[in-house]
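Structure at a glance
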Amino acid sequence: MLTKKQVLDFEEFGFLVLPDMAKPSSRKEMISQASELVQSMKAEWFESVFSTQNQEESSNTYFLESGDKIRVFMEEGEAEGVDGQHRVNKLGHAMHDLDPVFSAFSHQKVWADIAADIGMASPGLLQSMYIFKQPRIGGEVNIHQDATFLYTDPISVVGFWFAMQDATLDNGCLWALPGGHRMGLKSRFIREEMQTRFEVLDDKPLPETGYVPLEVEAGTLILLHGLLPHYSEANRSDQPRQAYTLHVIDQAARYLPDNWLQRDKAMPLRGFVS
Ligand code: FE2
């Protein structure tokens, strides 16, 4: 699927931009399905989180239990005068298993071929997210490495980031640090009981300069090495910047039991085509 040059670029830079990978018809279907999922879950979210006395604790539980479910997460902070639909930050984290539209898109041989080309021996689809990045509301995502959140030994996570709409400087496209995947993992986000915390592995923080913007057209797939530092800015435009992401690990690597994301044993990981 990939050329030798593309594989070498991924190895050298830690990311790879592949235009025209998600067909317009698929994108249309996913955009509409995501909107319907939000509509159907809005009530659940407000009931489960806002109606309880201890909002912080219930919000944390809602998040920690989402690894094998489809749940809706809102933007942080108050966005006054904005209705619930437009405050939605993302859906996650098992849409690839539980939703027919996202499952069909996620389980395609073409992604398996790409994963094989970049050296994934036995890919397992661990996590999916649908990110809304709402016009004028969608907040920034700070500099991070995905392996902080989805740690395996050895580190194996790769992000498959699909642009549902054009991603631009104005609406909060990804920024990546070329070659930054070679600097090692800085921290881990771990679960203890029903709490989470960051465990620092390396005191030297991730660089704050040297990043390049990845402005891409709708349908583009961006592969992100799990150690690659990346971020996105807030959406300052009046255009949405929706994206669908899959985080894939190598099933030969050990997935640690203190990762925040835990799935029910009744829902074992599946590969792209199994
Ligand atoms: Fe990320």
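Our subject in this report is the structure included herewith.

The rules behind each value
Here the residue index of a chain counts from 1 through its sequence in written order. Under the rules for a predicted model, residues below a pLDDT of 70 receive no local features and side-chain atom pairs below 80 are neither given nor counted, while totals for whole chains, interfaces and linings still include all residues. Just so you know, side-chain values use all the structure's heavy atoms and leave hydrogens and water out. Helix and strand definitions here come from DSSP, where helices need a minimum of 4 consecutive H or I residues and strands a minimum of 2 consecutive E residues; each element is numbered from the N-terminal end. Buried residues are those whose accessible area, probed at 1.4 Å on protein chains only, stays under 20% of the maximum for their type, while exposed residues exceed 50% and partly exposed ones sit between those limits. Should any heavy atoms of two residues lie within 4.5 Å, those residues are considered in contact. Only nitrogen, oxygen and sulfur atoms qualify as donors, and only when within 2.8 Å of the metal (3.2 Å in the case of Na, K and Ca); with water excluded, sites may look incomplete. Pairing between two strands is assigned when DSSP locates at least 2 bridges connecting them. Here, axes are lines fitted to C-alpha atoms. For helices the fit covers the stretch in contact, and angles between N-to-C directions go from 0 to 180 degrees. Note on aromatic contacts: the rings of Phe and Tyr and the six-membered ring of Trp form a pair at centre separations within 6.5 Å, being stacked when their planes are under 30 degrees apart, edge-to-face when over 60 apart, and tilted otherwise.

Quick notes on the overall build of the protein
Looking only at helices and strands, one finds six helices and 15 strands in the protein. When each of the 274 residues of the protein is scored for burial, the buried share is 54%. The long-range fraction of contacts in the protein, counting pairs at least 24 apart against all pairs at least 6 apart in sequence, stands at 82%.

With respect to the coordination of the iron ion
Protein-derived coordination of the iron ion comes from His-144 (NE2), Asp-146 (OD) and His-230 (NE2), at a distance range of 2.1 to 2.2 Å. Donor residues for the iron ion, ordered by position in the chain, follow H-x1-D-x83-H. With Asp-146 in the loop between β5 (141–144) and β6 (152–153) and His-230 in strand β13 (residues 230–232), this pair connects stretches of sequence that are 84 residues apart. Neither Asp-146 nor His-230 differs from the other in exposure class; each is buried.

Quick notes on the sheet that holds strand β8 (residues 174–176)
Spatial strand order, β5-β13-β8-β11: four strands in an open sheet with antiparallel pairing. If you trace the sheet from one side to the other, it starts and ends with β5 and β11 (212–214), each paired once. Neighbour-to-neighbour, the strand axes of this sheet turn through a mean angle of 25°, independent of strand direction. Bridge count for β8 against β11 is three bridges, and the pairing is antiparallel. In the sheet register, Ala-176 faces β11, and the bridge partner there is Val-212.

Looking at the pairing of strand β14 (residues 243–250)
Within β14, eight of the eight residues are buried, leaving the element largely enclosed by the surrounding structure. Residues of β14 alternate between two faces, with Ala-243, Thr-245, His-247 and Ile-249 on one and Tyr-244, Leu-246, Val-248 and Asp-250 on the opposite face, all of them buried. Pairing analysis gives eight bridges linking strand β4 (residues 123–131) to β14, with the strands arranged antiparallel. Bridged to Ser-128 within β14 is Leu-246. One ladder, built from six bridges, connects strand β7 (residues 158–163) with β14; its direction is antiparallel. Opposite Trp-161, over in β14, you have Thr-245 as the bridge partner.

What about the environment of Thr-245?
Note that Thr-245 resides in strand β14. Each C-alpha atom of the pair Thr-245 and Leu-223 lies 9.8 Å from the other, and the pair is 22 residues apart in sequence. Once residues within four sequence positions are removed from consideration, Thr-245 is found in contact with Gln-127, Ser-128, Met-129, Ile-131, Phe-160 and Trp-161.

Some words on the packing of aromatic side chains
Overall, the coordinates contain 19 aromatic pairs when judged by the stated rule. Their ring planes at 40° and their centres at 4.9 Å tell us that Phe-102 and Tyr-244 sit as a pair that is tilted. You can see Phe-102 sitting in helix α5 (residues 100–106) and its partner Tyr-244 sitting in strand β14, a full 142 residues away along the chain. By relative accessible area, Phe-102 is classed as buried at 0%. You can call Tyr-244 buried: its relative accessible area is 0%. Relative to Phe-189, the ring of Phe-149 has its centre 5.3 Å away and its plane inclined at 50°; by these criteria the two rings are tilted. Of this pair, Phe-149 sits in the loop between β5 and β6 while Phe-189 sits in strand β9 (residues 187–192), and the two are 40 residues apart along the sequence. You can call Phe-149 partly exposed: its relative accessible area is 25%.

So, unusual backbone geometry
A cis geometry characterises the amide bond from Gly-92 onward to His-93, with omega recorded as 10°. Counting through the fold element by element, His-93 comes out in strand β3 (residues 88–93). Following Asp-153, the chain continues to Pro-154 via a peptide bond in cis, the omega torsion being -5°. Take Pro-154: it is sitting in the loop between β6 and β7. If you check the backbone angles, Asp-20 has positive phi at about 60° while not being a glycine. Counting through the fold element by element, Asp-20 comes out in the loop between β1 (15–18) and α2 (24–50). Notably, Lys-133 is not glycine yet its phi reads approximately 40°, a positive angle. Mapped onto the fold, Lys-133 is located in the loop between β4 and β5.

In short, the description is geometric, and any link to function would need to be established separately.
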